[in-house]
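# Per-entry structural report
Chain residues, written in single-letter form:
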Amino acid sequence: MFVALIAKDKLGSLDVRKANRNAHVAYLKSTGVAQAGPFLDENGDMCGSLVILNVETIADAQAWADQDPYAKAGLFQSVDLQLWNRVIG
């Protein structure tokens, strides 16, 4: 099943994101994420994340989210996991 992880960064946390970006991207690559990318604010700065996970259960998605270096660094204000149905792509 596909699960969309929709995360919003805490205000003023761009430096936290940048400091942990390499570890986050390495985690994405090492765990077989289907698709991923940052949300951008009106200035073009990263302000959140969209990650499409291909997992067996929602608990697997939560476990993935808990191990994300961004989450461990306290970057996110919120993280929502939503079942997602891929139609195109």
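Residues numbered from 1 in each chain as written. Predicted model: local features only at pLDDT ≥ 70, side-chain atom pairs only at ≥ 80, totals over all residues. Heavy atoms only, no water.

On to helix α1 (residues 14-30), then. Its 17 residues place the ends of α1 24 Å apart at the C-alpha level, agreeing with the 24 Å of an ideal helix rising 1.5 Å per residue. At R21, α1 shows its largest kink, close to 55°. Those residues of α1 not exposed but buried are R17, H24, Y27 and L28. Lining the buried residues of α1 we find β1 (2-9), β2 (35-40), β3 (46-54), α2 (58-67), α3 (69-72) and β4 (76-84). Once α1 ends, the next one or two residues include G32, with phi positive near 65°. (Helix = DSSP H or I, 4+ residues; strand = E, 2+ residues; numbered from the N terminus. Expected span 1.5 Å × (residues − 1). Bend = angle between axes of the 7 residues up to and from the residue. Buried < 20%, exposed > 50% of the residue type's maximum accessible area, 1.4 Å probe, protein only. Contact = heavy atoms within 4.5 Å.)

Quick look at the sheet that holds β3 now. Strand order in this open sheet of four strands is β2-β3-β1-β4, and the pairing throughout is antiparallel. Edge positions in the sheet fall to β2 and β4, since each has one partner strand and no second. Pairs of neighbouring strands in the sheet enclose a mean axial angle of 15°, with direction left out of account. One ladder, built from seven bridges, connects β1 with β3; its direction is antiparallel. In the sheet register, A4 faces β3, and the bridge partner there is I52. Each of β1, β2, β3 and β4 touches α1; the most contacted strand, β3, lies at about 20° to it. (Pairing = 2+ DSSP bridges. Axes fitted to C-alpha atoms, helices over the stretch in contact; angles between N-to-C directions.)

These results come straight from atomic positions and should not be treated as a statement about function.
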